[in-house]
Amino acid sequence: GDAGSLAAMAKQTRVVLNCVGPYRFFGEPVVEACVENGASCIDISGEPQFLEGMYLKYNEKAAEKGVYVVGSCGFDSIPADMGVLYTRDKLKGTLTAVESFLSVKSGPEGLGVHDGTWKSAVYGLADEASLKKLRKQIGYAPVPVVGTKLKKRGFMFYSPEFKKYCITFMGSDGSVVKRTQRYLHTELQQTPVQYGAYVTVGGLGSVIKLMFLGMLFVLLVKFNFGRKLLTKYPEFFSAGCFTKKGPTQKQMDGTSFTMTFFGEGYSEGQDLQNGKPNVKICTEVKGPEPGYVATPIAMVQAALSLLEDASALPKRGGVYSPGAAFSKTKLIDRLNKRGVEFSVISKPEV
């Protein structure tokens, strides 16, 4: 809609849920209308450039107006961001590092993802230089490394736990978790948690197919003509995963995700600076099909937390990541009741 109708919408409500992406093209007018007219705003963007750009432009103004702008409240990146906080809260001691592994299971009909997500990835990867520039402009405070430094894994590796090959997760989870941890450290003096995000791919056949498609993608995304091809034929370039129609009902019914978190830290009284981590924990977030089932659940429960857990939100309004906004609210309980379930898998004894 035009600016007038966006303003009218924002004036008559307390929270606007914005699901229209790619947000780099359509997101900002909604944030602006909300902040100007005193409504809070939630979106399901997985685009770090948009999310952090809104922080740079609207954080102060949102604080003045006492409204909350919380991005990435869908599958990106509530399971990861709240999952790290859940893991931290369940560990007896101080959590210092976590790795998460995402596994998406599909039924006989295979996977289906809408091409809006594909477009966001195409334009996001094409424009990585702007994200670096934006981060320079924001001038983030460095997040200190507490405890043993988490080793970065190679882009692809074999995981004995899952008996599958895994790759670095290319979504926004890493950047969102980092923003949450920076906020909790600088504002609430909490120990920051290091984080690595990965996704399980499968056997060698899947790896070879993925590498071939990945190389093609990286090659084409650099050129205007290549981006046109990628956005015009998502199905071809993603081996059928991304379609203009999105998933069928049968595909959705057969799809689910599990995100497994392996955390390590220090038991109470253990020296964080010199000792080795001496406690471990494994937790899990499970849910239905990510794009069309888990995402709306996450988004709606985040909105309910904004409205009903208001006393537990940060004191000031502003532009927040989900973990920063909701760390003290009942969001995890709300999600548990709706089928996005957080649980502890194992706590090895010290």
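Residues numbered from 1 in each chain as written. Predicted model: local features only at pLDDT ≥ 70, side-chain atom pairs only at ≥ 80, totals over all residues. Heavy atoms only, no water.

- The chain is annotated in an unreviewed UniProt entry as Saccharopine dehydrogenase-like oxidoreductase from Hypocryptadius cinnamomeus.
- According to the UniProt record, the Sequence similarities (unreviewed entry) comment for the chain reads "Belongs to the saccharopine dehydrogenase family." (UniProt positions renumbered as here; feature names shortened; annotations may be inferred.)

## Observations regarding the overall build of the chain
No. 1: For the chain, the count of helices and strands is 15 helices and 13 strands.
No. 2: For 350 residues, the compact-globule estimate of 2.2 N^0.38 gives 20 Å, and the C-alpha radius of gyration of the chain, at 20 Å, lies within 12% of that figure.
No. 3: In terms of principal-axis extent, the alpha carbons of the chain reach across some 60 × 50 × 40 Å.
No. 4: Counting every position in the chain, which comprises 350 residues, the buried fraction comes to 47%.
No. 5: Contacts spanning at least 24 positions in sequence make up 80% of the contacts within the chain whose residues lie at least 6 apart.
No. 6: When the accessible area of the chain is evaluated, it comes to approximately 17,400 Å², of which 57% is carbon and sulfur surface. (Helix = DSSP H or I, 4+ residues; strand = E, 2+ residues; numbered from the N terminus. Rg over C-alpha atoms; globule rule 2.2 N^0.38 Å. Buried < 20%, exposed > 50% of the residue type's maximum accessible area, 1.4 Å probe, protein only. Contact = heavy atoms within 4.5 Å. Areas by Shrake-Rupley, 256 points an atom, 1.4 Å probe, with all protein chains shown as cover.)

## Concerning the layout of surface pockets
Gaps left between atoms show up when a probe the size of a water molecule is rolled over them.
No. 1: In this structure, the second largest pocket spans a volume of roughly 640 Å³.
No. 2: Looking at the second largest pocket, it is lined by 29 residues, and the ones nearest its centre are Tyr55, Tyr183, Thr186, Glu187 and Tyr320.
No. 3: Secondary-structure elements contributing two or more residues to the lining of the second largest pocket are α4 (48-65), α8 (173-188), β12 (318-320) and α14 (322-326).
No. 4: Ranked by the residues each element gives to the lining of the second largest pocket, the list is headed by α8, at six residues. (1 Å grid on protein atoms, 1.4 Å probe; cavity = no way out; pocket = protein on both sides within 12 Å on 5 of 7 lines; lining within 4 Å. Points joined across faces, edges and corners; volume = space filled by probe spheres on them.)

## Observations concerning the sheet that holds strand β1 (residues 15-18)
No. 1: Strand order across the open sheet formed by four strands is β1-β2-β3-β12, with parallel pairing between neighbours. At either end of the open sheet lies a strand with only one pairing partner, and these are β1 and β12. If you compare each strand with its neighbour and ignore which way they point, the axes differ by 15 degrees on average.
No. 2: As paired elements, strand β3 (residues 68-70) and β12 share three bridges and run parallel to each other. Looking across to β12, one finds that tyrosine 68 is bridged to glycine 318.
No. 3: Along the sheet face, helix α3 (residues 28-36) touches β1, β2 (40-43) and β3 and points at about 155 degrees away from the line of β2.
No. 4: Lying on the sheet, helix α13 (residues 290-308) is in contact with β1, β2 and β3; it crosses β1 at an angle near 165 degrees. (Pairing = 2+ DSSP bridges. Axes fitted to C-alpha atoms, helices over the stretch in contact; angles between N-to-C directions.)

## Things to note about the packing of aromatic side chains
No. 1: Taken as a whole and assessed by the stated rule, the structure comprises 17 aromatic pairs.
No. 2: In textbook terms, an aromatic cluster arises when at least three aromatic residues are bridged by ring pairs, as seen for Phe101, Phe157, Phe162, Tyr198 and Phe262.
No. 3: In this arrangement the basic side chain of arginine 153 is found over the ring face of tyrosine 198, its NZ or CZ atom lying 5.8 Å from the centre.
No. 4: Directly above the aromatic system of tyrosine 140 lies the positively charged group of arginine 182, at a separation of 4.0 Å from the ring centroid. (Phe/Tyr/Trp six-rings, centres within 6.5 Å; stacked < 30°, edge-to-face > 60°. Lys NZ or Arg CZ within 6 Å of the ring centre and 35° of its normal.)

## Here we look at empty space enclosed by the protein
No. 1: Per the stated rule, a full pass over the model turns up one cavity of 30 Å³ or more.
No. 2: What the largest cavity holds in volume is close to 40 Å³.
No. 3: Val31, Asp43, Phe50, Leu51, Met54, Val69, Gly71, Arg179 and Val319 are the residues that line the largest cavity.
No. 4: If you tally residues by element for the lining of the largest cavity, the top one is α4, at three residues.

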